[in-house]
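# Observations on the three-dimensional arrangement
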Amino acid sequence: MKWSIGTLTRPRIGETENGDCPVVRHADRVTLVGIVDALGHGSAAARVADIATRHLEQVPLDGGIESVMLDLHQGLAGTRGAAAILCLLNEDDDLEGCGVGHVFFRCGPTRVPAVLGEGVLGARLRRVRSFTSKLQRADRIVLTSDGVAPYFGLADFEGLSPERTCSEIMMRHGLGHDDATVVVVDAEPKSA
Ligand SMILES: [Mn+2]
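The following refers to the structure shown. Computed from a predicted model, the values in this text were never measured in an experiment. For every chain, the first residue of the written sequence is number 1, and numbering continues from 1 along that sequence. Totals for whole chains, interfaces and linings use all residues, but because this is a predicted model, local features are given only for residues with pLDDT of at least 70 and pairs of side-chain atoms are given and counted only at 80 or more. Processing note: side-chain calculations cover all non-hydrogen atoms of the structure and skip hydrogens and water entirely.

### Some remarks on the coordination of the manganese ion
Condition: Only nitrogen, oxygen and sulfur atoms count as donors, using a 2.8 Å cut-off from the metal that widens to 3.2 Å for Na, K and Ca. Water is left out, so coordination shells may look unfilled. Starting at the N terminus, helices and strands are each numbered in turn, a helix being any DSSP run of H or I of at least four residues and a strand any DSSP run of E of at least two. The cut-offs for exposure are 20% and 50% of the maximum accessible area for each residue type, with area from a 1.4 Å probe on protein chains only; residues under the lower value are buried, those over the upper are exposed, and the others partly exposed.
Donor atoms from the polypeptide that coordinate the manganese ion comprise Asp37 (OD), Asp146 (OD) and Asp178 (OD), at 2.1 to 2.3 Å from the metal. Considered as a linear motif, the donors of the manganese ion on their single chain read D-x108-D-x31-D. Separated by 141 residues along the polypeptide, Asp37 in strand E3 (residues 30–38) and Asp178 in the loop between helix H3 (162–173) and strand E9 (180–188) bring together distant segments of the chain. For the pair formed by Asp37 and Asp178, the shared burial category is buried.

### Things to note about the sheet that holds strand E5 (residues 94–100)
Put simply, the rule reads: Two strands form a pair only when DSSP identifies at least two bridges running between them. As a rule, the C-alpha atoms of each element are fitted with a line to give its axis, helices using only the stretch in contact, and angles between N-to-C directions run from 0 to 180 degrees. The contact rule is simple, with two residues in contact once any of their heavy atoms fall within 4.5 Å.
A sheet is described by the order of its strands in space; here 5 strands give the open sequence E2-E3-E4-E5-E7, paired in antiparallel fashion. This sheet does not close on itself; its edge strands, each paired only once, are strand E2 (20–26) and strand E7 (130–134). Taken pair by pair, the neighbouring strands of this sheet meet at an average axis angle of 10°, ignoring direction. Bridge analysis of E2 against E3 gives 7 bridges, and the strand direction is antiparallel. From the neighbouring strand, Val23 faces E3, where its bridge partner is Gly34. Where helix H2 (residues 65–75) meets the sheet, it contacts E3, strand E4 (82–90), E5 and E7, and its direction lies at approximately 150° from that of E4.

### Looking at the packing of helix H1 (residues 42–58) against H2
The line we're drawing: Each angle gets one of four labels, with under 35 degrees taken as roughly parallel, over 145 as roughly antiparallel, 65 to 115 as roughly perpendicular, and the rest as oblique. Helix crossings fall into two classes, left-handed where the near helix is turned counterclockwise from the far one by less than a right angle and right-handed where it is turned clockwise. As a working rule, the residues Ala, Val, Leu, Ile, Met, Phe, Trp, Tyr, Cys and Pro are called nonpolar, Asp, Glu, Lys and Arg charged, and the rest polar, with Gly in that last group.
Relative orientation of the contacting elements H1 and H2 amounts to 135°, with a least axis distance of 10 Å. Between H1 and H2, the angle is such that the two are oblique. Crossing handedness for the pair H1 and H2: right-handed. Across the interface between the two elements, Ile51, Ala52, His55 and Leu56 from H1 touch Val68, Asp71, Leu72 and Gly75 from H2. When its residues are assigned to classes, the contact of H1 with H2 shows 5 nonpolar, 2 polar and 1 charged.

Below you can see the structure in the form of structure tokens.
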């Protein structure tokens, strides 16, 4: 499968710095996508988002998503902490996802039994739990931070490109009082 990815992020209304960051990293055989949402907002949160971004640019991906999440947890030790949703997509169309804290994962039409974990990366994390699924052509994954109200369905944005879907979700459901991020991944056949 070919992964067509759109991302959109913006700081809380009135802030110039963003504590949210979208994650997209194409490696040899896998693609890492996700969102890190540093606690709070403003420059202190933006510093944490920055540390997370740099960490995820070089973290080993071959140990699976739980290992990526635990690595990020260690990388954020001593900071104010963050929530995150991270997904690894591979050449065989396998999805492996892992979430910690107040972030959101949606996928369809394939139903993915996504259970996200509690805790704060960098501060307290009892255990991470991951979920896996085989993706199909025309599947769409939508990740959002908690600066986006979760009251929407994938059908509301059917037929729109990943970029356009990000803008529409942000426009209709973005919350002014928090940093907000949307990541949309469409699974498309390689030949398309
Ligand atoms: Mn937030």
